[in-house]
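Take a look at the letters that make up each chain.
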Amino acid sequence: MSRLATLEILSAHLPLIAPSMLKCDFGNLYREVELLDCADARVLHLDVMDGHFVPNLSYGPVVIERLRELTTLPFDAHLMISDPGRYLDDFLRAGCEAVTFHIEAVPDAGPLLRRIREADAVAGLALNPGTPVERVEPFLADCDLVLVMSVEPGFGGQKFQSTALGKLRRLRELSPSLLLSVDGGIGPETIGPSSAAGADLFVVGSAIFKTDDYGQAIAQLAATAADARADRSTLTSR
Ligand code: DX5
Ligand code: ZN
C-alpha cells in the first residue's frame with residue numbers, strides 16, 4: 001500500500017484505536033489477528049524491542065512477515081530499537097506500512113524520516129516521556145506521525161503519565177494536520193483526556209487484550225475518544 005493510501009485509511013477513521021501486539025497471545029497469533037479483524041480494528045500497532053534501546057525483547061521482521069500473510073490491516077511498526085536505520089529495509093520488506101522510530105535512538109532524525117517516505121511508507125517519530133517536544137520540532141515537516149509515549153517504552157500494563165497531555169497539546173498547536181499518536185496506559189479513564197489534548201491514534205494493549213470482547217473494548221474506547229474530540233472542536237471553533 002502506498003504512503004498516501006495508508007494515510008487516507010488512517011485519517012478516515014479518526015479517532016483510531018491501534019491494538020498493540022505486545023499484550024496479545026503469542027501462542028495463537030492467527031486467532032488474535034482474526035479476533036481483531038472481527039473487532040473492527042483498522043490498524044495493528046507492532047511493538048518491536050531489541051533489549052538494548054529498551055530493557056525488553058519482543059519480535060522482529062520474521063514474525064511480522066508471517067503476520068502480514070494473516071491480514072490486510074495496515075501495520076504501524078513502533079521500533080524501540082537502537083540504530084533503527086540499519087533495520088529499516090527489513091521492516092519495510094516484511095510489510096510495514098508505517099514505521100515509527102525513536103528520536104533518542106538516532107543522532108539526526110531527518111535522514112531516516114526522509115528514507116521512510118522515499119520508500120513510500122508513513123514516517124513516524126516517537127518521543128519518550130523525558131524528551132521535550134522541542135527535540136522533535138525541527139523534524140515535524142518530515143513526519144507524517146508523531147508518537148508521544150505516555151509510559152517509559154519497554155513494557156505494557158504501565159500507568160499513564162499525564163505529562164503526555166501537555167506534549168500532545170503543544171504538538172497539536174504546532175501542526176494541526178500531523179497524525180498524533182499516544183502510547184502507554186491508554187484505557188477508559190485516560191483516552192478522553194488524551195483525545196481532548198489532541199491525539200488521533202490511541203495505542204492500546206492491556207485495555208483490549210485483558211477483556212473477553214475485543215470488539216466491545218475497541219468500540220467503547222473509540223466512542224469515549226470521539227466524544228472528547230467533538231468537545232475539542234467545539235472549543236476551538238468558538
Ligand atoms: C510500550 C509499548 C506499548 C504498550 C501498550 O513500550 O510501546 O505499545 O504495549 O500497552 P498498554 O496499553 O498496556 O500500556
Ligand atoms: Zn508501542
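A quick note: this is a predicted structure, and the numbers were derived from the prediction, not measured.

Before going further, it helps to examine unusual backbone geometry. Here the amide bond leading from L14 into P15 is cis, since omega sits at -5°, within 30 degrees of zero. Tracing the backbone through its elements, the reader meets P15 in the loop between α1 (3-12) and β1 (16-19). Phi at D40 is positive, roughly 70°, even though this residue is not glycine. Summarising the element assignment, D40 is placed in the loop between α2 (29-38) and β2 (44-49). Phi is positive for D120, close to 65°, though the residue is something other than glycine. Of the residues examined, D120 reaches a relative accessible area of 40% and is grouped as partly exposed.

What follows deals with the coordination of the zinc ion (ligand 2). Protein-derived coordination of the zinc ion (ligand 2) comes from H45 (NE2), D47 (OD), H78 (ND1) and D183 (OD), at a distance range of 2.0 to 2.3 Å. Each of the six donor atoms around the zinc ion (ligand 2) contributes to a set of angles spanning 66 to 167°, which defines the coordination as octahedral. If you list the donors of the zinc ion (ligand 2) from N- to C-terminus, the spacing comes out as H-x1-D-x30-H-x104-D. Taken as a pair, D47 in strand β2 and H78 in strand β3 (residues 75-80) lie far apart in primary sequence, 31 residues in all. Relative accessible area serves as the criterion here: at 0%, H78 is assigned to the buried category.

Direction vectors running N to C along helix α3 (residues 61-68) and helix α4 (residues 84-94) enclose 15°, while the axes themselves pass 8 Å from each other. It follows from the interaxial angle that α3 and α4 lie roughly parallel. Where α3 crosses over α4, the handedness of that crossing is right-handed. Contacts between α3 and α4 involve P61, I64, E65 and R68 from the first element and D90, F91 and A94 from the second. Residues that form the contact of α3 with α4 fall into these classes: four nonpolar, no polar and three charged.

Moving on to the site of ligand 1. Lining the immediate surroundings of ligand 1 are 20 residues, of which D47, G154, D183, G205 and S206 lie closest. Contact between ligand 1 and G154: an oxygen atom at 2.7 Å from a main-chain N or O atom of the residue. G185 is positioned with one of its backbone polar atoms (N or O) 2.8 Å from an oxygen atom of ligand 1. In isolation ligand 1 has 380 Å² of accessible area, and contact with the protein removes 99% of it. Of all the elements in the fold, those that place two or more residues in the shell around ligand 1 are β2, β3 and β8 (201-204). Considering each element in turn, the shell around ligand 1 owes the most residues, three residues, to β2.

With the rule as written, the count across this model stands at two aromatic pairs. Seen from their ring centres, F26 and Y59 are 5.7 Å apart, and the 55° between their planes marks the pair as tilted. Of the two residues, F26 is situated in the loop between β1 and α2 and Y59 in the loop between β2 and α3; the sequence distance between them amounts to 33 residues. Classification of F26 by relative accessible area gives partly exposed; the value is 40%. Residue classification places Y59 among the buried positions, given a relative accessible area of 9%. Seen from their ring centres, F209 and Y214 are 5.1 Å apart, and the 70° between their planes marks the pair as edge-to-face. Y214 matches F209 in its accessibility class, with the two residues each being buried. It is R68 that lies over the ring of F75; its NZ or CZ is 3.7 Å from the centre.

Right, let's get into the pairing of strand β5 (residues 122-127). The element β5 is extensively covered by neighbouring structure, given that six of its six residues are classed as buried. Each parallel crossover has a hand, and for strand β4 (residues 98-102) linked through helix α5 (residues 109-118) to β5 it is right-handed. Bridging between β5 and strand β6 (residues 145-149) involves four bridges; their strand directions are parallel. Within β6, the position partnered with L127 by the bridge is V148.

Parameters at a glance
Residues numbered from 1 in each chain as written. Chains lettered and ligands numbered in written order. Predicted model: local features only at pLDDT ≥ 70, side-chain atom pairs only at ≥ 80, totals over all residues. Heavy atoms only, no water. Helix = DSSP H or I, 4+ residues; strand = E, 2+ residues; numbered from the N terminus. Buried < 20%, exposed > 50% of the residue type's maximum accessible area, 1.4 Å probe, protein only. Donors = N, O, S within 2.8 Å, 3.2 Å for Na, K, Ca; no water. Tetrahedral: all angles 85-135°; square planar, octahedral: opposite > 155°, others 65-115°. Axes fitted to C-alpha atoms, helices over the stretch in contact; angles between N-to-C directions. Parallel < 35°, antiparallel > 145°, perpendicular 65-115°, else oblique. Left-handed = near helix turned anticlockwise from the far one by under 90°. Contact = heavy atoms within 4.5 Å. Nonpolar A, V, L, I, M, F, W, Y, C, P; charged D, E, K, R; others polar. Near = heavy atom within 4 Å. Polar contact = N/O pair within 3.5 Å; in protein donor to acceptor, adjacent residues only side chain to side chain. Areas by Shrake-Rupley, 256 points an atom, 1.4 Å probe, with all protein chains shown as cover. Phe/Tyr/Trp six-rings, centres within 6.5 Å; stacked < 30°, edge-to-face > 60°. Lys NZ or Arg CZ within 6 Å of the ring centre and 35° of its normal. Right-handed = clockwise from strand over helix to strand, strands pointing away. Pairing = 2+ DSSP bridges.

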